[in-house]
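Chain residues, written in single-letter form:
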Amino acid sequence: MSYDLGAVVPLGTKVQDASGVPANAGNMRLTITLPDDTTTVVDPVTPASTGVYTRGYQTVQSGLHQVRWLATGANACASTDVFDVRPASPPMLFSLADAKDQLAIPATSTGDDDEIRDYIAATTVAVEYFVGPVVRRAVQQVLQGGRDTWVLHTTPVLSITSVTPLQTWQQTIAVNVLDVDTNTGIVRRTDSLWFFSGDYRVLYQAGRATVQPNVSLAGKLILQHLWRTRYGAARGASSADDWNTTEQVPGFGYAIPNRALQLLQNDRQLDGFA
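Predicted model only: the values in this text are computed from it and were never measured. (Residues numbered from 1 in each chain as written. Predicted model: local features only at pLDDT ≥ 70, side-chain atom pairs only at ≥ 80, totals over all residues. Heavy atoms only, no water.)

This paragraph deals with the nonpolar core. Counting 24 residues, the largest nonpolar core has Ile-116, Val-127 and Leu-264 as its most contacted members. Within the second largest apolar cluster, 18 residues are counted, among which are Ala-25, Tyr-53, Val-67 and Ala-71. (Core = buried A, V, L, I, M, F, W, Y, C linked by side-chain atoms within 4.5 Å. Buried < 20%, exposed > 50% of the residue type's maximum accessible area, 1.4 Å probe, protein only.)

Dropping the structure here:
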């Protein structure tokens, strides 16, 4: 389960003596390694009860965190774990409410909400593999000058935010003289000039201003298909159709049902499926 940025993550470990009975350690240290490789250390950590050590950590960075408990002295031992923190604006193709509606989970049932949001994030990645970015995101790309066109590799493109020269001798290029083909990512100048020599870092927004119904529905079908791996037959999976999560769809493993692929056909990108 992932946590939201700013949430407090409950961490804990247990210590036993040689006989397997809960017992306190001589000293307990907790080290949390953040995604940027900095660390937060709590030393010592006092037991909440005999042999039980807990600590709440308020997250300040998104990404994968590593946790290490180290007991020294009496009853020395160690344990490791990880937890993941979502970015402040995680890429999600549709809302939690829409997902629960597709899964026939009542709005009042909130026990699986965090896990469902992880499934939405995974579904979004699956859909974007076929059709390119759907959720708006910032993209950086380094492009070389001395030519009449640039090609942005992440499409569809919504807008170009900035163009920054990487060498001090380079001439600047104003964003307002650029014209971009949003579908192909081809960028041309409108002032009849070539792009100046040198390398430039281009920051742009990719994604879709409007999500087409077929793309959204395909995502919901993929979500529903994946959710069945959690509940199996309890969710009514049938071996006679492509909801069967143990029956492979040729060329795509087990994660993508045929009905979702058909919905995405008209929007697929060239490097998606054939």
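Judged by which residues are buried, strand S2 (residues 8–14) turns out to be one-sided: Val-9, Leu-11 and Thr-13 face inward and are buried, whereas Val-8, Pro-10, Gly-12 and Lys-14, on the alternate face, are not. Pairing analysis gives 7 bridges linking S2 to strand S5 (residues 52–58), with the strands arranged antiparallel. Along S5, the bridge assignment pairs Pro-10 with Gly-56. (Helix = DSSP H or I, 4+ residues; strand = E, 2+ residues; numbered from the N terminus. Pairing = 2+ DSSP bridges.)

To continue, consider the sheet that holds strand S13 (residues 199–206). A sheet is described by the order of its strands in space; here 3 strands give the open sequence S8-S13-S10, paired in antiparallel fashion. Taken across any chain shown, the strands that pair with only one partner, and hence form the sheet edges, are strand S8 (137–144) and strand S10 (157–165). On average, each strand axis in the sheet is tilted by 25° relative to the strand beside it, whichever way the strands run. In this sheet, S13 lies alongside S8 in antiparallel orientation, the contact comprising 8 bridges. Within S13, the residue paired with Val-142 across the bridge is Arg-201. (Axes fitted to C-alpha atoms, helices over the stretch in contact; angles between N-to-C directions.)

On to unusual backbone geometry. Put simply, Asp-43 and Pro-44 share a cis peptide bond, and its omega is 0°. Take Pro-44: it is sitting in the loop between strand S4 (39–42) and S5. Each neighbour pair has its own omega, and for Thr-155 with Pro-156 the value is 0°, a cis peptide bond. We note that Asn-75 has phi near 55°; this positive angle belongs to a residue other than glycine. Along the polypeptide, Asn-75 turns up in the loop between strand S6 (63–72) and strand S7 (77–85). The class for Asn-75 is partly exposed, based on a relative accessible area of 25%. Residues other than glycine seldom take positive phi values, yet Ser-192 does so here, at roughly 70°. Checked against the element boundaries, Ser-192 lands in the loop between strand S12 (186–189) and S13.

So, about the sheet that holds strand S11 (residues 178–180). On the basis of which strands lie adjacent, the open sheet formed by 3 strands has the order S9-S12-S11 and antiparallel pairing. Two strands lie at the open edges of the sheet, namely strand S9 (149–151) and S11, each paired on one side alone. Strand-to-strand twist of the sheet, defined as the mean angle between neighbouring strand axes without regard to direction, takes the value 25°. In this structure, S11 lies alongside S12, joined through 3 bridges in antiparallel fashion. Bridge pairing in S12 places Asp-179 opposite Arg-188.

Space inside the largest pocket adds up to approximately 150 Å³. Val-131, Thr-155, Pro-156, Asn-183, Arg-208, Asn-266, Asp-267, Arg-268 and Gln-269 together form the lining of the largest pocket. (1 Å grid on protein atoms, 1.4 Å probe; cavity = no way out; pocket = protein on both sides within 12 Å on 5 of 7 lines; lining within 4 Å. Points joined across faces, edges and corners; volume = space filled by probe spheres on them.)

According to the stated counting rule, one finds 9 salt bridges in the structure shown. For Arg-86, the salt bridge identified is with Asp-118, shortest N-O distance 3.2 Å. Highlighted residues: Arg-86 in the loop between S7 and helix H1 (96–102) and Asp-118 in helix H2 (residues 113–131), separated in sequence by 32 residues. The partly exposed category is assigned to Asp-118, whose relative accessible area is 22%. Shared partners join several salt bridges into a network, and the residues in it are Asp-4, Arg-86, Asp-114, Arg-117 and Asp-118. (Salt bridge = Lys/Arg side-chain N within 4 Å of Asp/Glu carboxyl O.)

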